[in-house]
Amino acid sequence: MQTEAQLTVAIVGAGLMGHWHAHAARKNDAIITAVIDPNAEAANALVGRYGGRAFADFERALAQAHFDVVHICTPLKTHVSLARQALMAEKHVIVEKPVAPSRTEVSVLQDLAASKNLLLCPVHQFAFQQGVASVRDELARRTSGPLAVSFDFASAGGTGHQTHELDQILVEILPHPLSILSEVWPEAPLERESWFVDNPQPGELFTYSQHQGFPVAIKLSLNARPTHCSMTIYHEQGAIHLNLFHGFAVFESPTVSRFRKIVSPFALSLNTLMAATGNLLRRALNREPAYPGLRTLIYRCYQAVKQSTPGPISRENTLAVATITELVKGKLSAAATTQMEHWR
């Protein structure tokens, strides 16, 4: 039986991310009333597992079903039109990243949402992982800032795609590290002009800049194996290692000695084992089998809707991520053009 506090939601896109959004919605006590996908088999499968009614298109769902929040889990090229439809229909929107192909389109959607007092939140779930939260708390206790930050992602997301599609996939992954920078160090926006981009081959991205005075390096690969997703914070008070696939952090001691140098790899391995085991148990108890941070982000979105408060990700941070993503995309395109001319 529906209670007053429960939200009703629609899931647009019944693929992999649609499944996990539906899972997170149910775990956050929302009622799924509609699943929209032109693939009737996929839509009905999601309905069979999480409830609601299957629709082939969004307009019909808007006309025939009631829902408060729309989760957009479809390809990037559909985000703007679907988000606009939802906002015009007075629905709150949670949209997979990137929100839109360009910063301008993101800004226009944000203006529309603001004009109607509606939530428009990107799915930057990495910034809401337990490990990132522990890092934010630890950094707040330290007396100085980082010396450097690096991200190293190797993704299987390019498997089965054509070579010319790989750089676009990199662009769609890039908001993950950018959003962590924006959420952990929000005091100043991401700097726009200083991003160096290297694209040695399709599916490989190296980008470097500075944020709040410390250097940031981001390496994204669709070819390297095994897959991994990590972040390292270099600090005079001890390094911090984050496993972003699993959502936990490991802290290294700053102590320097001959003995410490000998035991360091063993200590790091043991600390990683302990952190990974504790994290696995916590996620098992919370029934969070995949995409750590997603359920927390969605919970905070739902609370913002219920309480009519600002969403968990600020307009400024959303725009900062969109701005740098667009900038890097432009430099990737220029690099690809230069490579093609060189090969000729």
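Let us look at the structure shown here. Because the structure is a prediction, the values reported are computed rather than measured. Here the residue index of a chain counts from 1 through its sequence in written order. Selection of residues for local features in this predicted model requires a pLDDT of at least 70, selection of side-chain atom pairs for listing and counting requires 80 or more, and totals for whole chains, interfaces and linings are taken over all residues. Derived side-chain values reflect all non-hydrogen atoms in the structure, with water molecules and hydrogen atoms excluded from consideration.

### Section: the overall build of the protein chain
In this text, helices come from DSSP runs of H or I with a minimum length of four residues, and strands from runs of E with a minimum of two, each type numbered from the N-terminal end. The secondary structure content of the protein chain amounts to 11 helices and 13 strands. A radius of gyration in this sense is built from C-alpha atoms; the matching globule rule multiplies 2.2 Å by the number of residues raised to 0.38. Over its C-alpha trace the protein chain gives a radius of gyration of 21 Å, about what one expects of a compact globule, namely 20 Å for 344 residues. A principal-axis box enclosing the C-alpha atoms of the protein chain has dimensions of 70 × 55 × 35 Å. We call two residues in contact when some of their heavy atoms are within 4.5 Å. Partitioning the intrachain contacts of the protein chain with sequence separation of at least 6 by distance along the chain shows that 66% fall at a separation of at least 24. Only the protein chains shown count as cover for residues, and all accessible areas are computed by the Shrake-Rupley method using a 1.4 Å probe. Of the roughly 16,800 Å² of accessible surface on the protein chain, 56% is carried by carbon and sulfur atoms. Measuring between centres, the 30 positive side-chain charges of the protein chain sit 5 Å from its 29 negative side-chain charges. Neither His nor the chain termini are counted; the positive set is Lys and Arg, and the negative set is Asp and Glu. Note on charges: their place is set at NZ of Lys, CZ of Arg, CG of Asp or CD of Glu.

### A short note on the layout of surface pockets
For cavity detection a 1 Å grid was placed over the protein atoms alone, and a set of points counts as a cavity when a 1.4 Å probe fits there but cannot get out; an open set counts as a pocket when protein lies on both sides within 12 Å along at least five of seven lines, with lining residues being those that have an atom within 4 Å of a point. Grid points are joined across faces, edges and corners, and a volume is the space filled by probe spheres set on the points. The volume enclosed by the largest pocket comes to roughly 1,100 Å³. Around the largest pocket sit 35 residues that line it, and Met17, Lys97, Gly157, Ile173 and Tyr291 are the ones nearest its centre. Elements supplying a minimum of two residues to the lining of the largest pocket: helix H1 (16–27), strand S7 (148–154), helix H7 (166–173) and strand S11 (228–234). Broken down by element, the residue count for the lining of the largest pocket peaks at four residues, all from H7. Under this grouping Gly is polar, as are all residues other than the nonpolar Ala, Val, Leu, Ile, Met, Phe, Trp, Tyr, Cys and Pro and the charged Asp, Glu, Lys and Arg. Taken together, the residues of the lining of the largest pocket sort by class into 18 nonpolar, 13 polar and four charged. In this structure, the second largest pocket occupies an estimated 450 Å³ of space. Elements that contribute at least two residues to the lining of the second largest pocket include exactly helix H5 (103–115), helix H10 (294–307) and helix H11 (315–343). Counting residues per element, the lining of the second largest pocket draws most heavily on H5, which supplies three residues. For the lining of the second largest pocket, the residue count by class is nine nonpolar, eight polar and one charged.

### Description of the sheet that holds strand S12 (residues 240–243)
One open sheet holds the seven strands; their spatial order is S8-S9-S10-S7-S11-S12-S13, and the pairing between them is mixed. Looking at the sheet topology across the chains shown, the edges are occupied by strand S8 (196–198) and strand S13 (248–251). With direction set aside, neighbouring strand axes in the sheet form an average angle of 15°. A pair of strands is treated as paired once DSSP finds two or more bridges between them. Pairing between S7 and strand S10 (residues 214–221): six bridges, direction parallel. Within S10, the residue paired with Ser150 across the bridge is Ala217. Of the strands in this sheet, S12 and S13 are in contact with helix H9 (residues 258–285), which crosses S13 at around 155°. Axis lines are fitted through C-alpha atoms, for helices just across the contact stretch, and the angle between N-to-C directions can take any value from 0 to 180 degrees.

### Considering the pattern of salt bridges
By definition here, a salt bridge exists when the distance from a side-chain nitrogen of Lys or Arg to a carboxyl oxygen of Asp or Glu is within 4 Å. Under the criterion given, the structure shown has six salt bridges. With a shortest N-O distance of 2.8 Å, Arg142 and Glu138 are connected by a salt bridge. As far as burial versus exposure is concerned, Arg142 and Glu138 are alike and both buried. The partner of Arg283 in a salt bridge is Glu288, and the shortest N-O contact between them spans 3.9 Å. Owing to a relative accessible area of 10%, Glu288 belongs among the buried residues under this scheme. Each of Glu138, Arg141 and Arg142 takes part in one network of salt bridges that share partners. Using a 1.4 Å probe on the protein chains alone, a residue whose accessible area is under 20% of its type maximum counts as buried, one over 50% counts as exposed, and one in between counts as partly exposed.

### Focus on the nonpolar core
Remark: nonpolar core denotes a set of buried residues (Ala, Val, Leu, Ile, Met, Phe, Trp, Tyr, Cys) joined through side-chain atoms within 4.5 Å. The biggest cluster of nonpolar side chains holds 70 residues, and the ones touching the most others in it are Phe151 and Leu244. Here Phe151 is in contact with Pro177, Ile180, Leu181, Val216, Ala217, Ile218, Lys219, Ser230, Met231 and Leu244, once residues within four sequence places are set aside. Phe67, Val70, Leu112 and Leu118 belong to the second-largest nonpolar core, a separate cluster that totals 27 residues.

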